[in-house]
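Fold and geometry: a report
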Amino acid sequence: MRKYIPIGVFLLFIVVALLLHGLMRGDGGAFPETSGENHAESTVSDMPSADGTTSGGSTAGDSVAGRVSLSVSVGGVGAVSVPNPETAGAAVEIALPDEKMQEKGVAYFQTDLSFAGFSKPVYVTAFALGARDESDDSGATVRYLRTGKVKEARGSMLALLVSEPEEREADESMGFWYIDASHYLLVLDYGRHRFYKAPTSFFPHDKWNKMIRFTEMTGDGENEIMIKHCYNNSYSFAVYHFSRETGELAEVCSDETLDSQKAFSGHLEDQYKVVMKYPEIGYSETISMLDAGYKTYMLEKSGAKEDVEGECRFVRLWNNGRLRKKRVDKNTVFLYTIDRVSVEDGSPFGFQQPLLMQMQWVCVGHRSEGIGRLYTYARWNEDAGRFEFAKAVFDLNKWTYH
């Protein structure tokens, strides 16, 4: 006859076994934490506080961004809201201002970014969404509330132009508040739960749409951040690079440090010749003013007084084809302000990396006398840690005169 164990005794045996197993693990038998949001918070709890330049527990590029979803509303009537990336979860709600809403006054653009080291409310204006590299497969949805447009973007990073102005009344109009302000590029990495902060000389004036963009410029597979701004029909720009060694974000190039006007030289010769040079890259080209469409009578000394010679009086710099040397100096042939700046494919010129292009008019005597466009290309020198001029291409403009 078989002996059966009572069911109650059997269940008691199982419960005791489970309790003993939990005690051996040291967690009291509790179930493991499964919340992704709580896990994200634990990974940043030991991060050092920001020093004004960057934030994070390790150097840049040594970790893959976690997958997050950014929902960005632009131009709403509510307050600007930018969550702290160190404590944000996998779904992030962001509210940003619209440049068309300036009539609402400066208070509309204010927000608290104390987590980034700002002691008082700051103004947020230009923005861009993007990814650090191809490993970032997060996504963002941008809703423009004023127009109803919806756009999608890839990446977990939000770049902001932030201004910390002097004290002023909350209901004061935007006016020229930005002139006396301190300005910063603030990059929030919601995938890696950190931020980067770098001072900048850029401020928004009255327009800031598309001022900032993520773009790969050094050939290392990681995006840089470029700020460019057009004011009074002239562009200025700056490029910011994430350092692999320090993890910091720093300006590595601008229209001031990569100054094509200083690198360029030009002079005039007999027979209406214009010589253009970039000595550091071995570029030299000579063209004739006649090829640019000017007529001989426009270039020759006139019997009339100089201040009433009328059309093209700035280029009456020759006498019977010989240069009037007392009328010219080293600045007679010059590059005017930047008409366009962009990132171009370097392969047509034999380069394996992107090129930074500036386009400017070559002028003779006066800014109104442009003879053609000079396209100047610069590339990243990894050993030197900077952009350097690499190529120049001149496009002659042929004016039509009768």
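Residues numbered from 1 in each chain as written. Predicted model: local features only at pLDDT ≥ 70, side-chain atom pairs only at ≥ 80, totals over all residues. Heavy atoms only, no water.

**Details of the overall build of the protein chain**
Our working rule: Per the convention used, a helix needs a DSSP run of H or I reaching at least four residues, while a strand needs a run of E reaching at least two, with both numbered from the N terminus. With a 1.4 Å probe rolled over the protein chains alone, any residue whose accessible area is under 20% of its type maximum counts as buried; one over 50% counts as exposed, and the rest are partly exposed. Computed by Shrake-Rupley with a 1.4 Å probe, the accessible areas treat only the displayed protein chains as cover when residues are assessed.
A count of helical and extended segments in the protein chain gives four helices and 22 strands. Looking at the protein chain as a whole, 46% of its 402 residues qualify as buried. Of the roughly 21400 Å² of accessible surface on the protein chain, a fraction of 50% belongs to carbon and sulfur atoms.

**A short note on the pattern of salt bridges**
Test applied: Should a side-chain nitrogen of Lys or Arg be within 4 Å of a carboxyl oxygen of Asp or Glu, the pair is scored as a salt bridge.
Under the defined criterion, the tally for this structure stands at seven salt bridges. The salt bridge involving Arg 132 is made with Glu 222; its shortest N-O contact spans 3.1 Å. A residue pair is termed long-range when its members are at least 10 positions apart, and Arg 132 in the loop between β4 (122–130) and β5 (139–144) and Glu 222 in the loop between β10 (212–215) and β11 (224–231) qualify at 90 residues. A single burial state applies to Arg 132 and to Glu 222, both of which are buried. Among the salt bridges present, the one from Glu 134 reaches Arg 154, with a minimum N-O distance of 3.8 Å. Here Glu 134 is found in the loop between β4 and β5, whereas its partner Arg 154 is found in strand β6 (residues 150–154), with 20 residues between them in sequence.

**A few points about the environment of Gly 139**
Using the following cut-off: Every residue pair with non-hydrogen atoms within 4.5 Å of one another is taken to be in contact.
Checked against the element boundaries, Gly 139 lands in strand β5. Put simply, Gly 139 and Gly 155 are 16 residues apart on the chain and 5.3 Å apart in space, counted from C-alpha to C-alpha. Excluding residues within four positions of it along the chain, Gly 139 makes contact with Val 68, Ser 69, Leu 70, Ala 153 and Gly 155.

**Notes on the side chain of Arg 324**
Structurally, Arg 324 can be placed in the loop between β18 (322–323) and β19 (333–344). Given a relative accessible area of 15%, Arg 324 falls into the buried group.

**Considerations on the sheet that holds β11**
Threshold: For two strands to pair, DSSP has to find at least two bridges joining them. Note on definitions: angles span 0 to 180 degrees between N-to-C directions of axes, and those axes are lines fitted to C-alpha atoms, for helices only across the stretch in contact.
Strand order in the open sheet formed by four strands is β10-β11-β12-β13, and the pairing between neighbours is antiparallel. Each of the sheet's edge strands pairs with one partner strand only, and the pair in question is β10 and β13 (249–254). Each adjacent strand pair in this sheet contributes to an overall mean axis angle of 30°, direction not counted. As defined by bridge partners, strand β12 (residues 234–242) adjoins β13 across five bridges and the pair is classed as antiparallel. Across the sheet, the residue bridging to Tyr 240 is Glu 251, located in β13.

**Observations regarding the environment of Arg 327**
Take Arg 327: it is sitting in the loop between β18 and β19. Judged by relative accessible area, which is 37%, Arg 327 ranks as partly exposed. Note: C-alpha distance between Arg 327 and Gly 365 (38 residues apart in sequence) is 9.6 Å.

**Points about the confidence of the model for the protein chain**
How we decide: What pLDDT conveys is the predictor's confidence in a given residue, as a value from 0 to 100.
A residue-level look at the protein chain finds 75% of positions with pLDDT of 70 or above and a mean pLDDT of 80. Within the model, pLDDT remains below 50 along residues 13–62, and this stretch shows 49 contacts once partners closer than five positions in the same chain are excluded.

**With respect to the packing of aromatic side chains**
The following threshold applies: Centres within 6.5 Å are what make two rings of Phe, Tyr or Trp a pair, Trp counting through its six-membered ring; a difference in plane orientation under 30 degrees is then read as stacked, over 60 as edge-to-face, and the rest as tilted. Either the NZ atom of lysine or the CZ atom of arginine qualifies as a charge over a ring when it sits within 6 Å of the ring centre and within 35 degrees of the ring normal.
The full count for this structure, using the stated rule, is 10 aromatic pairs. With centroids separated by 5.9 Å and ring planes inclined at 70°, the aromatic side chains of Phe 115 and Phe 195 adopt a geometry described as edge-to-face. Placement of the pair is Phe 115 in the loop between β3 (110–111) and β4 and Phe 195 in strand β9 (residues 194–200), with a sequence separation of 80 residues. In this structure an aromatic cluster arises from ring pairing among Phe 264, Tyr 278, Tyr 283 and Phe 389. The lysine or arginine in question, Arg 132, covers the ring of Phe 242, its NZ or CZ lying 4.2 Å from the ring centre.

**Comments concerning the pairing of β4**
The side chains of a regular strand alternate between both faces of the sheet. With respect to burial, β4 is a largely interior element, nine of its nine residues being buried. Bridge analysis of β4 against strand β7 (residues 157–164) gives six bridges, and the strand direction is antiparallel. Note that in β7 the partner of Val 124 across the bridge is Val 162.

**Quick word on the sheet that holds strand β2 (residues 91–96)**
Pairing in this open sheet of four strands is mixed, and the strands run β2-β1-β5-β6 from one edge to the other. Of all strands in the sheet, those with a lone pairing partner are β2 and β6, marking the two edges. On average, each strand axis in the sheet is inclined to that of its neighbour by 20°, with strand direction left out of account. Judged from the six bridges that link them, strand β1 (residues 69–74) and β2 form a sheet pairing that is parallel. Opposite Ser 73, over in β2, you have Ala 95 as the bridge partner.

**Quick notes on the nonpolar core**
As a reminder, the rule being used: Nonpolar core, defined: a set of buried Ala, Val, Leu, Ile, Met, Phe, Trp, Tyr and Cys residues in which side-chain atoms within 4.5 Å join the residues together.
Formed by 39 residues in total, the largest nonpolar core has its most connected members in Val 274, Met 289, Val 362, Ile 371 and Leu 374. Contributing elements (two or more residues each) for this core: β12, β15 (273–278), β16 (283–288), α4 (296–299), β19, β20 (355–364), β21 (370–381) and β22 (386–396). Those residues in contact with Met 289 that sit more than four places away from it in its chain are Tyr 272, Val 274, Tyr 294, Leu 299, Val 315, Trp 318, Val 364 and Ile 371. By size, the runner-up hydrophobic cluster in this structure holds 28 residues, among which are Val 68, Ala 88, Leu 129 and Phe 195.

**Some details on unusual backbone geometry**
Here Gln 271, not a glycine, exhibits a phi torsion of approximately 60°, which is positive. Looking at where Gln 271 falls in the secondary structure, it is placed in the loop between β14 (265–269) and β15. For Tyr 272, which is not glycine, the phi dihedral falls at a positive 65°. Relative to the elements of secondary structure, Tyr 272 occurs in the loop between β14 and β15. Assessed through its relative accessible area of 8%, Tyr 272 is described here as buried.

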